[in-house]
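In case you want the letters, here they are:
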Amino acid sequence: MITVTKPFQPPKENFDKYLQGIWRRNWLTNNGPLVNELETKLKQYFDLRHAIFLSNGTIALQIAIKALKLTGEIITTPFSYVATTSTIYWENCKPIFAEIDEDSFNISPDSIPNYISKNTSAILATHCFGNPCDIEKLEKISKKYNLKIIYDAAHCFGTFYKGKSIFSYGNISTSSFHATKMFHTIEGGAIFTSNSTLAHKTRYLRNFGHNGQEDFFGLGINGKNSEVHAAMGLCNIEFANSILETRKRQWEYYKKSLENGKVKFQKLNEQGTYNYAYFPIVFESERELLKVKKELEKHLIYSRRYFYPSLNKLPYIKNVSRKKSERLASTILCLPLYHTLSVEEQDMICGIISKECYSG
Ligand SMILES: *Cc1c(COP(=O)(O)O)cnc(C)c1O
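Report on the accompanying structure. Here the structure is a predicted model, which means the values were calculated and not measured.

1. Notes on the site of the ligand
Lining the immediate environment of the ligand, one finds 15 residues, of which Thr58, Asp152, His155, Ser176 and Lys181 sit closest. Gly57 is positioned with one of its backbone polar atoms (N or O) 2.8 Å from an oxygen atom of the ligand. Here an oxygen atom of the ligand sits 2.9 Å away from a polar atom, N or O, in the side chain of Lys181. In isolation the ligand exposes 380 Å². Once the protein is present, 91% of that is buried. Counting atoms within 2 Å of the grid points, the majority share of the ligand lands in the largest pocket.

Below, the structure is given as structure tokens:
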């Protein structure tokens, strides 16, 4: 069976070594030494000012919204994972969907001014599939209209933009280290910021608002992560370069095998270096997509409709239409991509796609 993704597993001995230390110290969670070591490694790896390790990428978005004290309306992309929108709702703000750019799959900066009102407090944009947004244009808009920017960089481990880690942009960037992401801590996420006040706030927000044992800075939640999760991250970060290289090779092989066919690819931002996190293909019609998906499933190959439906179609959203995002959502399929996917398996996948796309 070939699934759309498989979690990377480091050699078990490496994990065992960390576990021995955890047992010896008997320190399982609450800002332990491995959590701190992972934060330091992430900062070094990406040359960042502050990295705060959290329990998942969803709480990272919620804490980002809280830390920036956002209220009212937040302009966001309708083409992302559901957490990008649901966290806005959860924090009692209103998601306002801009349109997307059909080529990059990211929020279209030019569409944003149409949706700005006196209640707009921020932009929450996803670098979709690890492809950097048009950060320059977004920054111009945020300055002009005095809006904060949060980047949902859940797909972006290893993506750079203009020579700097993508995590260094925006008032806050968040990421997810969920097991399905290319770098993971089983469950986990992070907030990155260059602002020390926001970093401090994030640290107390993740820990119930505590200022020591008997005092509180303010309201907080439990967004901490454990020593065991940090240990998995410390194991995996050793392999980050090799994971990236393997992905690049697999990604380029897909591209070469499919580029003379009918499917279209995501247009990558030329100011950035890509991390090859996903391999999405776009069909001419939903009918064609469903035909290919079904045929792949007959061969026990499981692709995924990332992202479907377009988020403006969520049941708790007032019915709005965003044609470009809906069209993309109905015609896009992500192909299997993970560390141990073989060339033979890729050949089989591409063979089925090519055959189905050319047969009536
Ligand atoms: C995975 C993902 C999230 C949520 O991260 P979790 O760690 O699973 O909570 C948020 N946004 C995007 C774009 C994602 O892909």
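2. Things to note about the pattern of salt bridges
All chains considered together, the criterion is met by 14 salt bridges. Across the salt bridge formed by Glu39 and Arg203, the nearest N and O atoms sit 3.3 Å from each other. Pair noted here: Glu39 is in helix α2 (residues 33-46) and Arg203 is in helix α6 (residues 196-205), with a separation of 164 residues, a long-range link. With relative accessibility at 3%, the residue Glu39 sits in the buried group. Overall, Arg203 belongs to the partly exposed group, its relative accessible area being 30%. Residue Glu102 pairs with Lys324 through a salt bridge whose shortest N-O separation is 3.9 Å. Taken together, the residues Glu102 in the loop between β3 (94-97) and β4 (120-126) and Lys324 in helix α10 (residues 323-331) connect sequence positions 222 residues apart. The class of Glu102 is partly exposed, set by a relative accessible area of 47%. On the accessibility criterion, Lys324 (38% relative accessible area) is partly exposed. The network of salt bridges with shared partners includes Glu39, Arg203 and Arg206.

Conventions we followed
Residues numbered from 1 in each chain as written. Predicted model: local features only at pLDDT ≥ 70, side-chain atom pairs only at ≥ 80, totals over all residues. Heavy atoms only, no water. Near = heavy atom within 4 Å. Polar contact = N/O pair within 3.5 Å; in protein donor to acceptor, adjacent residues only side chain to side chain. Areas by Shrake-Rupley, 256 points an atom, 1.4 Å probe, with all protein chains shown as cover. 1 Å grid on protein atoms, 1.4 Å probe; cavity = no way out; pocket = protein on both sides within 12 Å on 5 of 7 lines; lining within 4 Å. Sits in = over half its atoms within 2 Å of the grid points. Salt bridge = Lys/Arg side-chain N within 4 Å of Asp/Glu carboxyl O. Helix = DSSP H or I, 4+ residues; strand = E, 2+ residues; numbered from the N terminus. Buried < 20%, exposed > 50% of the residue type's maximum accessible area, 1.4 Å probe, protein only.

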